[in-house]
Each structure stands twice: as C-alpha cells, then as structure tokens.
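Given next are the chains, with one letter for each unit.
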Amino acid sequence: MVRCPNMKIAYCQCSFYRDWKRTLKHIENWLPYVDYVIIVVDETVSNEEIFDALDKFRNPKLIIKRIPFPESIPEFRNQYVEKCKELGVKWFVVSDPDEWINEETRKDIRKIVEWAEKHGYTQLGLNCKEKFEPVEWLPFDQLDRLKEYPGGIRESTYYKFLINKICCERFKYEGVGKTKTVHETWGCPVHKQRGAYLPKDKYWYVHAKTAYDIWRNAARNLWLGGGGDNVGDLNEMWVELRKIVEEKLGITKWKDLEVYVVSGKPLPKELIGWVKKALTWKATDYGVETREFAKWVIFHHRYLLEDPEIKYGVEHPPKLTPEDEVETYVRRCYFQVLGRHPDREGLEYYKKAILEGKIRREDLPRILMASPEYREKMALVAEKVRVNVPVDVTVNLTEDVILQAIMKSRKWFTEVKPKYDLGKFILTSVSKPQELIRWFYENKDTITLKDLLKKLEEVM
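Each chain has its residues counted from 1, following the order in which its sequence is written. The predicted nature of this model means local features are confined to residues of pLDDT at least 70 and side-chain atom pairs, given and counted, to a pLDDT of 80 or more, with totals for whole chains, interfaces and linings taken over all residues. Water and hydrogen atoms play no part in the side-chain values, which are based on all heavy atoms of the structure.

1. Quick look at the overall build of the chain
Per the convention used, a helix needs a DSSP run of H or I reaching at least four residues, while a strand needs a run of E reaching at least two, with both numbered from the N terminus. Helix and strand content of the chain: 21 helices and 11 strands. A simple rule labels every residue: compare its accessible area, found with a 1.4 Å probe on the protein chains alone, to the largest value its type can have, and call it buried under 20%, exposed over 50%, or partly exposed in between. Put simply, the chain has 460 residues, and 53% of those count as buried. Contacts were defined at the residue level, with two residues in contact if any of their heavy atoms lie within 4.5 Å. Pairs at least 24 residues apart make up 75% of the contacts formed inside the chain by residues separated by at least 6 positions. The Shrake-Rupley method, run with a 1.4 Å probe sphere, supplies the accessible areas, and residue values consider only the shown protein chains as cover. Accessible area of the chain: about 22700 Å², with a carbon and sulfur share of 52%.

2. Looking at the side chain of Ser156
Turning to its location among the elements, Ser156 is positioned in strand 7 (residues 153-165). With relative accessibility at 15%, the residue Ser156 sits in the buried group. N or O atoms within 3.5 Å of each other form a polar contact, as long as, within protein, one can give a hydrogen and the other can take it, and as long as residues adjacent in sequence are counted only when both atoms are side-chain atoms. A distance of 3.2 Å separates the side chain of Ser156 from the backbone nitrogen of Tyr158, its partner in a polar contact. Ignoring anything within four residues of it in the chain, the contact list for Ser156 reads Asn127 and Cys128.

3. Describing the environment of Pro189
With respect to the helices, strands and loops of the structure, Pro189 is situated in the loop between strand 9 (184-187) and strand 10 (195-197). Placed 18 residues apart in sequence, Pro189 and Phe171 show a C-alpha to C-alpha distance of 7.6 Å.

4. Some remarks on the nonpolar core
Throughout this description, the term nonpolar core refers to a set of buried Ala, Val, Leu, Ile, Met, Phe, Trp, Tyr and Cys residues connected via side-chain atoms within 4.5 Å. With 99 residues, the main nonpolar core has Tyr80, Phe92, Ile163, Trp274 and Phe293 as its most contacted residues. No other element matches helix 7 (residues 211-225), which puts eight residues into this core. Not counting residues up to four positions away in its chain, the partners in contact with Phe92 are Ala10, Cys12, Tyr80, Val81, Cys84, Leu162, Ile163, Asn164, Ile166, Phe171 and Tyr173. Listed in part, the 16 residues of the second largest apolar core include Leu338, Leu347, Leu368 and Met369.

5. A word on helix 1 (residues 20-30)
When you tally the buried positions in helix 1, you get eight out of 11 residues, the bulk of the element. Of the positions making up helix 1, those classed as buried are Trp20, Arg22, Thr23, Leu24, His26, Ile27, Asn29 and Trp30.

6. Thoughts on the environment of Lys311
Residue position: Lys311 is located in helix 12 (residues 308-315). Separated by 13 residues in the primary sequence, Lys311 and Ile298 have C-alpha atoms spaced 9.9 Å apart.

7. So, the packing of aromatic side chains
Only Phe, Tyr and Trp rings are paired, with Trp represented by its six-membered ring, and only when their centres lie within 6.5 Å; those with planes under 30 degrees apart are stacked, over 60 edge-to-face, the remainder tilted. As enumerated under the stated definition, the model contains 17 aromatic pairs in all. Pairing Tyr159 with Tyr197 gives two aromatic rings, centres 4.2 Å apart and planes at 10°, and the pair type is stacked. One end of the pair, Tyr159, is in strand 7; the other, Tyr197, is in strand 10, with 38 residues separating them in the sequence. Ring plane angle 50° and centroid distance 5.6 Å describe the contact between Tyr173 and Trp186, whose orientation is recorded as tilted. Residue Tyr173 is located in strand 8 (residues 172-175), and its partner Trp186 is located in strand 9; the two are separated by 13 residues in the primary sequence. Trp186 shares its class with Tyr173; the two are buried.

8. A closer look at the pattern of salt bridges
Note on definitions: salt bridges are taken to be side-chain nitrogens of Lys or Arg within 4 Å of carboxyl oxygens of Asp or Glu. For the structure on display, the rule yields 37 salt bridges. One salt bridge connects Glu240 with Lys277, and the closest N-O pair in it is separated by 2.9 Å. Placement of Glu240 in helix 8 (residues 236-249) and of Lys277 in helix 10 (residues 269-278) is noted, with a sequence separation of 37 residues between them. Here Glu240 falls in the partly exposed class, since its relative accessible area comes to 28%. Residue Lys358 is joined to Glu356 by a salt bridge in which the shortest nitrogen-to-oxygen separation is 3.2 Å. Where salt bridges share partners, they join Lys282, Glu327, Arg331, Glu348 and Lys351 into one cluster.

9. A short note on the confidence of the model for the chain
A score from 0 to 100, pLDDT tells how confident the predictor is in each residue. Looking at the chain as a whole, the pLDDT averages 83, with 80% of positions reaching at least 70. The spread of mean pLDDT over the elements of the chain runs between helix 6 (residues 142-147), the lowest at 49, and strand 4 (residues 89-94), the highest at 98. Within the model, pLDDT remains below 50 along residues 380-389, and this stretch shows 11 contacts once partners closer than five positions in the same chain are excluded.

10. With respect to unusual backbone geometry
The backbone of Glu71 shows a phi angle near 60°, a positive value even though the residue is not glycine. Mapped onto the elements of the fold, Glu71 is located in the loop between strand 3 (62-67) and helix 3 (73-87). Under the relative-accessibility criterion, Glu71 is labelled buried at 16%.

11. Some thoughts on the packing of helix 7 against helix 11 (residues 285-300)
In a pair of packed helices, the angle between the axes and the distance between the axes together describe the arrangement. Throughout, an axis means a line fitted to C-alpha atoms (over the contacting stretch in the case of helices), and angles, computed between N-to-C directions, take values from 0 to 180 degrees. Relative to each other, helix 7 and helix 11 sit at 120°, their axes nearing to 8 Å. Here helix 7 is positioned oblique relative to helix 11, judged by the angle of their axes. The two elements helix 7 and helix 11 meet at a crossing, and its hand is left-handed. Facing helix 7, whose interface residues are Tyr212, Ile214, Trp215, Arg216, Ala218, Ala219, Asn221, Leu222 and Trp223, helix 11 presents Glu289, Thr290, Glu292, Phe293, Lys295, Trp296, Phe299 and His300. Lys, Arg, Asp and Glu make up the charged group, whereas Ala, Val, Leu, Ile, Met, Phe, Trp, Tyr, Cys and Pro make up the nonpolar group; the residues left over, Gly among them, are polar. When its residues are assigned to classes, the contact of helix 7 with helix 11 shows 10 nonpolar, three polar and four charged. Here is the rule for angles: anything less than 35 degrees is roughly parallel, anything more than 145 is roughly antiparallel, 65 through 115 is roughly perpendicular, and the remaining ranges are oblique. By the definition used in this description, the sense in which the near helix is turned from the far one sets the handedness, with an anticlockwise turn below a right angle giving left-handed and a clockwise turn giving right-handed.

Now the structure itself:
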C-alpha cells in the first residue's frame, strides 16, 4: 500500500450547550489520532466551566469555532467543512455528540483512508449499534420507557457515512426535501461520490439515545423543517405551530424557543391546544416528530398531564391507518424517483387512486418514471455516464461500465434506479449483490460486457 504521510485528517462535530460534556469526551478520544479536531458550537455556549475544561487540552490541533446557530443544520455543518478546506484537510470524520465511534476505527483511521484512496472510495460507512441509555426515566409513557434498558445495545443493519473525502472546493452539505434546514446529504455537483461499507465486526459506532434526546431532537427538526425529510408546509401542524409561537411568544428562532420551553414559563392557551392536537396527529414519519414535539413540551410542563385529554393522548399513541401508510408510500416513491416531495394535488390523487384500487401500489414508480420530469432528469444522468465499449470484448469493470450495463437491463427503471437515486451504490442496489460480487471475482479476467448484462438479469 502506498503511504500518504502528508494527507491531513480531521475529526469534526457540531455541538450545543447541553451536549458539551459529551463533546469534551469526543475531543479527548480523537486528538491522538488526527491532525485536527474541529468543533463548531452555538455561540450561546458561554459556561466558563466548559472553557476551563477546554484549556486543559492546550493543543494546537484543537479548533473551536463559535457562531450563532444559523437555524439550519446543513449550514451549521458546513462551518467545519469550510474550516477543513482552509486547513488543507483531505478526509474528515464526523459524528454527533450522541454517536460514539469505536476505538478500533480511531486507531486505524489513517490505514482506513489510505485504503479508500487506493480503491477510489470517497465515503465510508460505519455500522450503527443502538444503545438506549437508562437516563431520565419518563413514567408517563410506557412505550418510551421500554426503549431504555440498562446496558442494552441493539444490533442494526444501518450504516452511516461518517468518514468522507473533500474532493474539491464545491464539496458541502445540502438540505433535502421542501424546507431544507434539517436532514441533509453531502457531496459535490462536480465529482461523483463512491462509497463502501467498512466491516461491521471491526469498525462501528454506537448511537446512544435517551427518550428525552429523541424528543428534543425531533422537536428541533419539526420546528426547523416540518418533520420527516423537511416536509415544511406539507405538515399543516408545522404551519400552525410557527404561527402560534411567533404571534403569542414573539419567538422565531429555535434556540429562543428551547430556552423558553425549558424554563418552565407559562404556555399560551393556543400552544396547549396545539399540544393536544399534536398528540393525536397521524402516524406518518413527520407525524411522529409532531407528537414528539408535544412530549418534549410536556416533559418540561408536567402539570399538563393533569388534563385528562393530554394524559390520554400521551398514553394512547395513534395507530398507523391504511391512509397514513399509503401516504408514506406515495411520499417515498416521489422522493426516490423524482427526488422531491409530492405536491398536495399529486399526493392526494395517487393516495386516493391506490386506496380505491384504481392503480396498484407497484405501478406508481412506473407511472412517475413515465413523467416528463423524470425523463428530463434521467437524460441528464445518462449523459454523465455514457461509456462506449464493445459488448463482446473483455472490459475493465469500472463503476461507470457497470452502471452502463445496469442501465441497459430490463429492470433498471423499476427496481434499481429508485435505490440508486436514494444514495445506494450500484452493487448494493441489485437484489443479490453478494452473488454478483462472487461471480465477478471468480471470472474477472474473462468477463465481457455481454456476460455482465446477462448476469445482471439473473441477480436483479
């Protein structure tokens, strides 16, 4: 392996005041293994005890950047991306304060990125292990109490790209969805990103959760972007909440709202009415975050549980109805195929058509793929990956060649393309990736493009 002694690596994190004890531990964990530790923090962090703790590091590799929270998670994260560029950092590792990357990954980080450089990867995924910490038991909600059990770590199949290469000056985080201020993706409009999952038995991270953290983060996500993948005003409860808080409390920023709610100050009757309605809101992804906002408010205003209607709403969460489930499915299809949320007219039309049996669920991706919007988008993608090679000669199987082959298959539009658009990589977008990989290594010296096309039809 070619060593890259001059390649700079940074560990980065965004933090708020309430996260700082954990952030200090992350700094301690990472300083021995990287060139820089870059922490971006909301400037409201002014606790002298915290900065006294930072002084003990006395390390030029530690960089603390204090800014006002910009009411946008992607913009917040881009602060450390820009600092990385300024310092000449090539690779950065990132985690939130409640995400703990294991020691083996920290120790091997240089070896890991050198391997990625050698094989042309730009994003590396770590497997997630979920830990529900036994902190702040909440006796009024048995469902969330069950999530919290001492020492419990739950295995998952989820991977998160926490190790990333800065390919050029245009690399950055961007929001997704309608109101693009919360959930984000990252990459570059110039260079195509290529990812790999690291072996989960050696490299992984623990996502340590408490019910309160889940509620508080959901409250922030709802306030900033409407919940879900930033549905914005498609969630009418979000519109109502913002209006009530602005008109009755004069608050327009998340940090001001958090300070007010946590202080326990009296709530306007309109906000209490909103909490009641939120507890019964639909069981879609954004509906769950709407309900969790209400539970976050209740946690800081326990007297609300004296209201029988609120107590019942907390103890009896809404069930997922067929209408909610179909709505979630239609949203997912729009997002996977067209890369956007549905407009209200389209959502209601296809939801009704599926519920009334006028179209089958499995037909919706094909219908959206037949739209002019999708054909225009697809033409742009095809233009970028056009590769001309004879089908009957052996080829060097680069990702572009494999993509071209997959795009020629019969199942590309209906089965593979939606997964690929969601960020899955080519080999993980087919239904039997392990079979394809095994076949490739057994026959790699003699494979032609014609062979590849035939094999793809078998494994997709």
